[in-house]
Amino acid sequence: MSATSNAGRIGVWGRSGSGKSSYVKRMLKGRSRLVVFDPLAEYGEALRIDTVEHRARNSLDQVRQAMVANWQGFRVAYVPPAGREAAALSALCKLLMAAQQPFKDGKRGAKMLTLVVEEMNLSFPVAGGAQKCPGFADVCSRGRHYGIEIIGVSQRIAEVATRFRNNCTETVVLAQKGPRDLDAAAAELGGDKGAVKGLANLEYIHERHGVLNRGKIVFPKRKVRR
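Residues numbered from 1 in each chain as written. Predicted model: local features only at pLDDT ≥ 70, side-chain atom pairs only at ≥ 80, totals over all residues. Heavy atoms only, no water.

Examining the packing of aromatic side chains
A complete count under the given rule lists six aromatic pairs for this structure. Ring centres of Trp 13 and Phe 164 lie 6.2 Å apart, and the angle between their planes is 80°; this geometry places the pair in the edge-to-face category. You can see Trp 13 sitting in strand S1 (residues 9-13) and its partner Phe 164 sitting in helix H9 (residues 162-165), a full 151 residues away along the chain. Here Trp 13 and Phe 164 have matching classes, each one buried. Ring geometry for Phe 124 and Phe 136: centres 4.9 Å apart, planes at 75°, overall edge-to-face. (Phe/Tyr/Trp six-rings, centres within 6.5 Å; stacked < 30°, edge-to-face > 60°. Helix = DSSP H or I, 4+ residues; strand = E, 2+ residues; numbered from the N terminus. Buried < 20%, exposed > 50% of the residue type's maximum accessible area, 1.4 Å probe, protein only.)

Now the structure itself:
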C-alpha cells in the first residue's frame, strides 16, 4: 500500500515580467526535497541550491548523486541541453519516479518531493507533449502516488499540453500577453476573461477547488544603511 500523499499539481502562468518566477521562488522556501528543471539557469544562484548543467558528462547521474548525498533535504537545479528539453525532462522524471519508489511502497520515513518545471511549453508542448515527454506524462498521471508534487511554470499557458493543465489542483494566473493565452488562462479560472485581462504585473489570481483569490506580490523593503 502506498503512503498517503497530498502532492498537488500547480500551474503558474504569466507573461515575461509578470512575477511568476518570484511567486514560485517564494513557494519553494518551505520545500526541503526539491528538484528544479531549469532551462534558463535562473534558480541555482537565486535559491542558493546545487546546479547541475547538462554539459557535464552523465549529468543526470550527478543529479542522483546530489539527491543521495543529502537524501532528507536535497535542493537541485538541473539545466537541460537547449533544444532537447522534452527528452531531458522525460529522463529526469524516470529518475525521480525510481527515487520515490519507497514512498509508493509505503516505506516508513519516505517523504514527498517537489519537481518544478520551468518553461514548460518547451518540454511538454500542447502538440504531442505526452509523446515527446513520456516520463513527465507518467508523473502527471501517477506521480501523486509516488509523493511527487509538480509546479509547472510557463509564459505561454496555451502552448502547454492540456494533460498537465487539466490535472492541476491549483492554478495561479498572472498577467497574460496574447488572446490565446488570455482565453486559456480564463478557462482554467472558470471563464472570467475580464478578470484575467485586468491583471497588471505582480498581480495574480489563485484558484483551488473552484475558489478564486486575488493577490499581489510585494517585495520587502530594503533597509537603508546609515
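Details of the confidence of the model for the protein chain
Across the protein chain, pLDDT averages 91, with 93% of residues at or above 70. Mean pLDDT across the secondary structure elements of the protein chain bottoms out at helix H2 (residues 44-47), with 72, and peaks at strand S6 (residues 148-154), with 98. (pLDDT = per-residue confidence, 0-100.)

Here we look at the pairing of strand S7 (residues 170-174)
On a regular strand, each side chain points to the face opposite its neighbour's, so the side chains alternate between the two faces of the sheet. Burial within S7 is extensive, with five of its five residues counted as buried. Neither face of S7 is left uncovered, since the one carrying Glu 170, Val 172 and Leu 174 and the one carrying Thr 171 and Val 173 both have all their residues buried. Sheet topology note: the S1/S7 ladder contains four bridges and is parallel. Its bridge partner being in S7, Gly 11 is matched across the sheet by Thr 171. Direction of pairing for S7 relative to strand S8 (residues 203-208): antiparallel, over a ladder of five bridges. Paired with Val 172 across the two strands is His 206, which belongs to S8. (Pairing = 2+ DSSP bridges.)

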